[in-house]
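Survey of secondary and tertiary structure
Each chain is listed here by its residues.
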Amino acid sequence: MGPSAGTKAETSTNPGPGPDPGPGPAPEPASSTPTGPGPSTPTGPGPAPEPASSTPTGPGPAPEPAQERAASTAPPAARATTTPRGRRPVVAALMLGMALAAIDGTIVSTAVPQIVGDLGGFTVFSWLFSGYLLAVTVTLPLYGKLSDTFGRKPVLIAGIILFLVGSLLCAAAWNMAALIAFRIVQGLGGGALQGTIQTIAADLYPLKERPRIQAKLSTVWATSSVAGPVAGGLLAGYADWRWIFLINLPVGAVALWLVVRHLQEPSRPRPAARPRVDWAGALAVFATGALLLTALVQGGVAWPWFSAPSLGLFGASAALAALTVVIERRAAEPIIPGWVWRRRTIASVNLALGAMGLLMVAPTVFLPTYAQSVLGLGPIAAGFVLSVMTLSWPVSAAFSDRVYNRIGFRRTAIVGMGAALLILLAFPLLPYPGEPWHPALLMLLLGAALGLFQLPLIVGVQSTVGWAERGTTTASVLFCRQVGQSVGAALFGAIANGVLAARLLDAPVDGLPGDLDAVARALEEPDAVSSAAAEYLRRAVDAAVDHVYVGAAGAAALALLALITLAPRRFPVITEPAGTPATTAAPEPSAVTAAPEPSATTAAPEPSAATGRQDTSS
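Residues numbered from 1 in each chain as written. Predicted model: local features only at pLDDT ≥ 70, side-chain atom pairs only at ≥ 80, totals over all residues. Heavy atoms only, no water.

**Focus on the overall build of the protein chain**
A count of helical and extended segments in the protein chain gives 22 helices and two strands. Evaluated residue by residue, the protein chain yields a buried proportion of 54% over its 618 residues. Total accessible area on the protein chain is roughly 24,600 Å²; 67% of this is exposed by carbon and sulfur atoms. (Helix = DSSP H or I, 4+ residues; strand = E, 2+ residues; numbered from the N terminus. Buried < 20%, exposed > 50% of the residue type's maximum accessible area, 1.4 Å probe, protein only. Areas by Shrake-Rupley, 256 points an atom, 1.4 Å probe, with all protein chains shown as cover.)

Dropping the structure here:
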């Protein structure tokens, strides 16, 4: 379903067979023999190959960058993954890894009764989800920087191994505290899977082919997120809940073998100095994120929002955030470089996807409660109302390139989020109690709108940076989306409970439950309250969810505001042969005439990207 939310929050993103020379420039052969119509490309200094677009990118051929020359003479093994046959096992590994990361966010949910019955710890079981989410989120920036520094392959291998070790430990857990700790270990591996898989997908495919790989990865994510609760329930009910974690081992082992055997990264120039890892910055980012997410996840649940624990956590996270800024500004190779916020394109996408994470909480967390408490559906039927969003999301994403190739990344995302804003505002207008197909239709439309919004932004922002910055850029986008979901879960939970509390003050009977979870449990038991009280509670839940959707529409408006006011009119796209660290400048087509992107001297909001140079400043 695009990003999944777990309990109070979370994440989304293949090749076609055949050489396919049409969608983008094919990688250069090692020899000077032409591979098709047109002039051959020499491997030494000389003119760069002509882009696939018929529109020239400048008055004459541009000199070939040194990095591109190095890539063109790379050994055959380094370029194996850029051919369709070489890509297939790598893509299979990416899809398996994405399935592992997606399904583990939801598979535990339906097995909680069996886990609690075996291990105890009912009061802290929510940390099975929160701990995993926290570990995934706070490690994304670190893995992004490491993949840019040492390569994608070692980071992905380490992530898969860590995830599998965590899965094995979870299956051997002896109490709830141990299971929560081992879920955090799983999350440390899951952070590497999410960010690195998205980055490798962009490395493997040229710009015009990326929508296909991203759409297929989105389909895997959506299918796994929906299948997770079903698989968890079946394994817990007919086998043992420990199989929920053991099932990861064969899947992860296959993914690991495919990565080790088939993923060949291009050779890169050896750096003059040994790369330094900003471990102080990594620790500061981890500590800041851990405290902030703990405050957001547990506030209003484990303790009141304005209690000492909440205020202490928020204050400590603010102090650590200031310390993190100081550390990162002084670091030679910061974990979160300053350019991810100084470049308008990356900053606007960070904010827009953070707002999308915020609004996604409305359907993923509150719609199932609405379907069961207001519409009277069972858990399976309520899940179907939500899951229809996962049908339209990848389809819309797969066809989004036909839109952004005409009107550009920014305008396509604005169209998608504008449609999402209208759909979210339509939810409070649904009749009470209404029919199940009413919210299902809105979710189908919402999935299509968000597919049109998210994929162009991810593909677009990845295309504005070179190989050496793509991991950090991708991680920054995913990190903001994850944080947005955590903030949304806390914010909309407070809104829903506030509306319920206000409605229950005027309740016709006394002794009614006072929060959303308790109301939902009361409505599931026919004899818990009288029919008049149950009807009042249903209307209260309906009002609470309506307010949440209005808040989600506000988040959509924030995403639009970020794109309209901050994002450049056209993304300063750069092109490079798939699988190589080349950084040759190229334009994004305009809306009508497919004219090239404005040059760096006329309208370049990010000169480093527009000229194909890498900004290494912090």
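So that's the structure; there's more coming.
**Some points on the environment of Ile 247**
The topology assignment puts Ile 247 in the loop between helix H8 (243-246) and helix H9 (248-262). For Ile 247 and Ala 171, which are 76 residues apart along the polypeptide, the C-alpha to C-alpha distance reads 9.8 Å.

**Section: a nonpolar patch on the surface**
Together, Leu 391, Trp 437, Leu 441, Leu 444 and Leu 445 make up a nonpolar patch on the protein surface, roughly 490 Å² of accessible area in all. Considering every element that reaches the nonpolar patch, the biggest residue donor is helix H17 (residues 437-462), with four residues. Checked against the element boundaries, Leu 441 lands in helix H17. (Patch = residues over 30% accessible without salt bridge, like charges linked within 9 Å, V, L, I, M, F, W, Y side chains within 5 Å. Salt bridge = Lys/Arg side-chain N within 4 Å of Asp/Glu carboxyl O.)

**A short note on the pattern of salt bridges**
Using the criterion set out here, one finds nine salt bridges in the structure. Glu 209 is paired through a salt bridge with Arg 87; the nearest N and O atoms lie 3.3 Å apart. With a gap of 122 residues between them, Glu 209 in the loop between helix H6 (176-204) and helix H7 (210-238) and Arg 87 in helix H2 (residues 84-103) connect regions that are remote in the sequence. On the basis of relative accessible area, Arg 87 is assigned to the buried category, the value being 4%. By sharing partners, the salt bridges in this structure join Asp 148, Arg 152, Asp 203 and Arg 470 into a single network.

**Overview of unusual backbone geometry**
For the bond from Tyr 432 to Pro 433, the omega torsion is -10 degrees, close enough to zero to count as cis. Position of Pro 433 among the secondary structure elements: in the loop between helix H16 (409-426) and H17.

**Thoughts on the packing of aromatic side chains**
The final tally for this structure, using the stated rule, is six aromatic pairs. With 6.3 Å between their ring centres and 90 degrees between their planes, Trp 241 and Phe 245 make a pair best called edge-to-face. Taking the relative accessible area as the measure of exposure, Trp 241 reaches 3% and is therefore buried. What makes Phe 245 buried here is its relative accessible area of 1%. With centroids separated by 3.8 Å and ring planes inclined at 10 degrees, the aromatic side chains of Phe 427 and Tyr 549 adopt a geometry described as stacked. Separated by 122 residues along the polypeptide, Phe 427 in the loop between H16 and H17 and Tyr 549 in helix H20 (residues 531-565) bring together distant segments of the chain. Taken as a pair, Phe 427 and Tyr 549 share a single burial class, namely buried. (Phe/Tyr/Trp six-rings, centres within 6.5 Å; stacked < 30°, edge-to-face > 60°.)

**Overview of the environment of Gly 166**
Assignment of secondary structure puts Gly 166 in helix H5 (residues 152-171). Along the backbone, Gly 166 and Leu 179 are 13 residues apart, and their C-alpha atoms lie at a distance of 9.5 Å. Look past the residues within four positions of Gly 166 in its chain and what remains in contact with it is Phe 182, Val 185 and Gln 186. (Contact = heavy atoms within 4.5 Å.)

**What about the packing of helix H13 (residues 344-373) against helix H18 (residues 467-505)?**
Between H13 and H18, whose axes approach to 6 Å, the crossing angle comes to 40 degrees. Overall, the two elements H13 and H18 adopt an arrangement that is oblique. Taken as a pair, H13 and H18 cross one another with a handedness that is right-handed. Classifying every residue of the contact of H13 with H18 by side-chain character gives 16 nonpolar, nine polar and one charged. (Axes fitted to C-alpha atoms, helices over the stretch in contact; angles between N-to-C directions. Parallel < 35°, antiparallel > 145°, perpendicular 65-115°, else oblique. Left-handed = near helix turned anticlockwise from the far one by under 90°. Nonpolar A, V, L, I, M, F, W, Y, C, P; charged D, E, K, R; others polar.)

**A short note on the environment of Arg 343**
Structurally, the position occupied by Arg 343 is in the loop between helix H12 (339-342) and H13. Residue Arg 343 is classed as buried on the basis of its relative accessible area of 4%. On a C-alpha basis, the gap between Arg 343 and Leu 566 in space is 9.8 Å, while along the polypeptide they are 223 residues apart. Within polar-contact distance, the side chain of Arg 343 engages the side chain of Glu 469 at 3.0 Å. (Polar contact = N/O pair within 3.5 Å; in protein donor to acceptor, adjacent residues only side chain to side chain.)

**Considering the nonpolar core**
Ranked by internal contacts, the top residues of the largest apolar core, which has 79 residues, are Leu 359, Met 417, Leu 450, Phe 453 and Leu 457. The element that contributes the greatest number of residues to this core is H20, accounting for 16 residues. Contacts of Phe 453, omitting those with residues within four sequence positions, involve Ala 352, Leu 353, Met 356, Ala 413, Gly 416, Met 417, Ala 559 and Leu 563. (Core = buried A, V, L, I, M, F, W, Y, C linked by side-chain atoms within 4.5 Å.)

**So, the packing of H16 against H17**
Running from N to C, H16 and H17 point in directions that differ by 155 degrees, and their axes come no closer than 8 Å. In terms of their interaxial angle, H16 and H17 are classed as roughly antiparallel. The way H16 lies across H17 gives a crossing that is left-handed. Contacts between H16 and H17 involve Phe 409, Thr 412, Ala 413, Val 415, Gly 416, Met 417, Ala 419, Ala 420, Ile 423, Leu 424 and Ala 426 on the former and, on the latter, Leu 442, Leu 445, Leu 446, Ala 449, Leu 450, Leu 452, Phe 453, Pro 456, Leu 457, Val 459 and Gly 460. When the residues that make up the contact of H16 with H17 are grouped by side-chain class, the tally is 19 nonpolar, three polar and no charged.

**Details of the side chain of Asp 203**
Structurally, Asp 203 is set in helix H6. Side-chain polar atoms of Asp 203 contact the side chain of Arg 470, separated by 2.5 Å.

**Here's the deal with H18**
Taking 1.5 Å of rise per residue, the 39 residues of H18 would be expected to cover 57 Å, and the 58 Å separating its terminal C-alpha atoms lies within 8% of that figure. Counting buried positions along H18 gives 28 out of 39 residues, so the element sits mostly inside the fold. (Expected span 1.5 Å × (residues − 1).)

**Some thoughts on the confidence of the model for the protein chain**
A residue-level look at the protein chain finds 74% of positions with pLDDT of 70 or above and a mean pLDDT of 75. Ranking the elements of the protein chain by mean pLDDT puts strand E2 (residues 584-585) last with 32 and H16 first with 94. Ignoring residues within four places in sequence, the model shows residues 578-618, a span with pLDDT below 50, making 120 contacts including any to other chains. (pLDDT = per-residue confidence, 0-100.)

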